[in-house]
Every structure is written in structure tokens, then in C-alpha cells.
Amino acid sequence: MLSTLIKAALLLALTSSIAFGYQAIRLNVSEGDAKERDKAFNAILEVDLEDAGFTPKDIHAGIEYYYRLFYGTKLLKDGKPNPQFKEDYVENLDNLGFITISNEENMRELLMKEPSLGGFAPLNYLIYKKKSETKTYVGTLTPEAMLDITKVKDPEVRKQFTSYIDALSEATDAGMGGEVEYVEIDKLNDKTMMEFEVPFDRSGDILDAKFDFMEKFEKAFEGQDYIIAGKRDFAEFWADNDLENDKYDAYWVYSLCHFTFSYTVFNVWQRPELGVSAPCSMYMYVEKDKDVLHVGMPSVENWITFGKITDPAQIKFIKEMDEKIRSIMISLGAKEI
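Residues numbered from 1 in each chain as written. Predicted model: local features only at pLDDT ≥ 70, side-chain atom pairs only at ≥ 80, totals over all residues. Heavy atoms only, no water.

1. Some thoughts on helix 7 (residues 206-222)
Part 1: Taking 1.5 Å of rise per residue, 17 residues should cover 24 Å, and helix 7 covers 24 Å from first to last C-alpha, within 8% of that figure.
Part 2: Along helix 7, the residues classified as buried are Ala209, Lys210, Phe213, Met214, Phe217, Ala220 and Phe221. Burial along helix 7 is one-sided: seen end-on, the buried residues are contained in an arc of 135°. Exposed side chains of helix 7 directed beyond 90 degrees from the buried face belong to Asp208, Glu215 and Lys219. (Helix = DSSP H or I, 4+ residues; strand = E, 2+ residues; numbered from the N terminus. Expected span 1.5 Å × (residues − 1). Buried < 20%, exposed > 50% of the residue type's maximum accessible area, 1.4 Å probe, protein only. Arc of directions from axis to C-beta.)

2. Looking at the side chain of Ser262
Part 1: The topology assignment puts Ser262 in helix 9 (residues 259-268).
Part 2: Given the relative accessible area of 5%, Ser262 is considered buried.
Part 3: Look past the residues within four positions of Ser262 in its chain and what remains in contact with it is Tyr67, Cys257 and Asn267. (Contact = heavy atoms within 4.5 Å.)

3. A closer look at the packing of aromatic side chains
Two numbers describe a pair of aromatic rings. These are the distance of the centres and the angle of the planes.
Part 1: In total, this model carries 29 aromatic pairs according to the counting rule given.
Part 2: Each ring, one from Phe261 and one from Phe317, has its centre 5.3 Å from the other, and the planes form 20°; the classification is stacked. Placement of Phe261 in helix 9 and of Phe317 in helix 11 (residues 312-331) is noted, with a sequence separation of 56 residues between them.
Part 3: You can call Phe317 partly exposed: its relative accessible area is 23%.
Part 4: Here a set of aromatic residues connected by ring pairs shows up, and it is made of Tyr67, Phe70, Tyr71, Tyr89, Phe259 and Tyr263. (Phe/Tyr/Trp six-rings, centres within 6.5 Å; stacked < 30°, edge-to-face > 60°.)

4. Points about the pairing of strand 3 (residues 93-102)
Part 1: Among the ten residues in strand 3, nine count as buried, and that is most of the element.
Part 2: Sheet topology note: the strand 2 (residues 55-60)/strand 3 ladder contains five bridges and is antiparallel. By the bridge assignment, Ile59 is partnered in strand 3 with Ile99.
Part 3: Taken together, the eight bridges between strand 3 and strand 4 (residues 123-130) define a ladder with antiparallel strand orientation. Within the sheet, the bridge partner assigned to Ile101 lies in strand 4 and is Leu123. (Pairing = 2+ DSSP bridges.)

5. Some words on the pattern of salt bridges
Part 1: Counted under the stated rule, the structure contains 18 salt bridges.
Part 2: Of the charged contacts in the structure, one is a salt bridge between Arg26 and Asp173, with a shortest N-O distance of 2.7 Å. Taken together, the residues Arg26 in strand 1 (residues 22-31) and Asp173 in helix 6 (residues 155-176) connect sequence positions 147 residues apart. As far as the burial class goes, Arg26 and Asp173 line up, both buried.
Part 3: The salt bridge involving Lys216 is made with Asp212; its shortest N-O contact spans 3.3 Å. Of this pair, Lys216 and Asp212 are both found in helix 7, four residues apart, which corresponds to roughly one turn of the helix.
Part 4: Lys216 gets classed as partly exposed once you look at its relative accessible area, which sits at 47%.
Part 5: Among the charged side chains, a salt-bridge network with shared partners connects Lys191, Glu323, Arg326 and Glu336. (Salt bridge = Lys/Arg side-chain N within 4 Å of Asp/Glu carboxyl O.)

6. Describing the packing of helix 2 (residues 34-51) against helix 6
Part 1: Interaxial distance between helix 2 and helix 6 falls to 9 Å at its minimum, and their mutual angle equals 140°. Looking at the two axes, helix 2 sits oblique to helix 6. As helix 2 runs across helix 6, the sense of the crossing is right-handed. From helix 2, Arg37, Ala40, Phe41, Ile44, Asp48 and Leu49 reach across to helix 6, where they touch Leu168, Ala171, Thr172, Gly175 and Met176. (Axes fitted to C-alpha atoms, helices over the stretch in contact; angles between N-to-C directions. Parallel < 35°, antiparallel > 145°, perpendicular 65-115°, else oblique. Left-handed = near helix turned anticlockwise from the far one by under 90°.)

7. Looking at the nonpolar core
Part 1: Of all hydrophobic cores here, the largest spans 104 residues; its most connected members are Tyr67, Tyr125, Phe217, Phe266, Met282, Trp303 and Met329.
Part 2: The element best represented in this core is strand 9 (residues 248-258), accounting for eight residues.
Part 3: Setting aside residues no more than four positions away along its own chain, Phe217 makes contact with Ile228, Tyr254, Leu256, Met282, Met284, Met329 and Leu332. (Core = buried A, V, L, I, M, F, W, Y, C linked by side-chain atoms within 4.5 Å.)

What follows is the structure, given as C-alpha cells:
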């Protein structure tokens, strides 16, 4: 373990000394049998991440199997044609998994100061292996990228959050072995977030108003082929565990996934590294005694930058996802800010 950490530290130092770009994605890359690598990854989930202060939740493993089931299977079990079957279905992945991880207690202090950090609370923990390679990749966006995307300026918050993510990286390196690689970009987009305000009716019970909006929200997104891949209610956790919360009447985060979009980007385009941004975390909060629901999430358009995508059709495809989200939010009475 020690030798692995030293090796990773030396590699990081070397990478930093010769890098001129902006390090956006951090990946631990290891060689070995796919089952062996999966076993190592599962051990991290069960032990190392919890020891490092993280709580894995909403574990979505073996996504490549569901791509095959949804889009690569011509007939359903009852023998009827599968309406989602794609004649041009391709299969480029041996393994693809997403896990949302966070620590509601550790994040409390940070979210009190910088609510936009909900765009990465929980953050997305990715594992993938392409059929064309013998390498398994595990990683996330870098803490710098997450902080810059959410426009966090507070130096103490940046320091604490970076330390928090560094603990994740160390647990990953120790559990997987391998070497560290970075995806570098020139710079982030000028606009990295989508943010909305929705009128919030406080005339009745706060929880009733919250759950009423949640029901409408989930119905609207699921009606547009999104999957609610997870939900973390931070304010509820704080209340249940007697943790101080003098800022929010409500604070929760959805994990959103659009299955056809993910299949196209990760499997067809063979860009699974962009899965560090999936599922998308959309945070929602109501401040004490306020009548506005604040909503925000990292823009899907960031994927164009992370992937250095230049193909006009692919750029259009990605931008349409942001427009789709805007349209749904506006239908729910939201105003983009």
C-alpha cells in the first residue's frame, strides 16, 4: 500500500511539473483481469471508502449489461419486439459503473457556506473498462474542477473540499494499485452551471410543499425519459442526527440519468471517461423563512469541454440535453438565473 501511494505521489509530482493544461479528470488506471479488478473495486466500496469518511450509495454496476438489454436485445422475454432495440447497436464496454458517494455530516459545514457544492454532493465515482483495452479506470473529476465549476471562492471551503476528495483518491490508489492519469483541458467554460429559482409556497406545511414539488419534478423528468438514479436528503439527515442546521428549511440532491444519452456518449462514442459527470447531481434548497426554491446543477455542456469534442453533430446532441432540462424546469414554474 505504501509503495503504491509513493508511486502515485511521484507520478503526480512528475505530471504536475510537465503539465501545462488544466487537470479536469483524475483516473487510476490498473492492469489485470476484469473480474480481479471488479473484486478490488468492490473491496474499496465495502471498506476503504467508509474508512476515508465516504458513504457509497445508489450503486449502479454493470451498466453495459443494461445497454445490451435495452438496445441490443431484439425480442423481449415474452417474444414481443423490443421497442428500444437499435439495429445499429454497438457494444464497446466490458464494464461500466456509477456510484454516488458523499458524507452528509462532513459536507454540512461546506454546504452551509457554499450551497452550490451540491452539484458534487454526492459526487460521481466511476469505473469502466473498454473491450479494446486491458485497463480498468476508476476516478472522478479533480477537486479543482468541481470547485471551479460550482464557482466556489471561499479559500477555506476549497481547502477542506480538496482534502476531502484527496482522501478519496488515496483510498482509490491504495485499493486499485495502478497509476494516475489526468485528462487535461485548456480551460473550463465561462458558464459552467445551470441555476433556477422556483416560487415556493410556505402558506401550509413546509414538508407538504416540498414533497408536492418532488412528486411533480420526478413525474416531469421521468416523462422525458430521465431516470432518478438516486436522491440524498441532506437536511433530513442533519435533523435525524441532531446536527445543527440554521440555514435551510430543505436541502436535497437528485442524481439524474438519461439512459439513451449515456449509452450514446459512453458506449457508441467510446467516451466513458465522461462518466465522471454522470449521473448529474441537481441540488435543491429552501433557505429559512424564504419563499424561493433554489435549483442548480453543472451544465451538461461541460462534457464538450472535458471531451474536447469538435464534431458538430455530437456538440448539438450534448447541448440539446441542457435545453431539455431547461424546458422541463420552466414547465415546473422555474426561472433561469
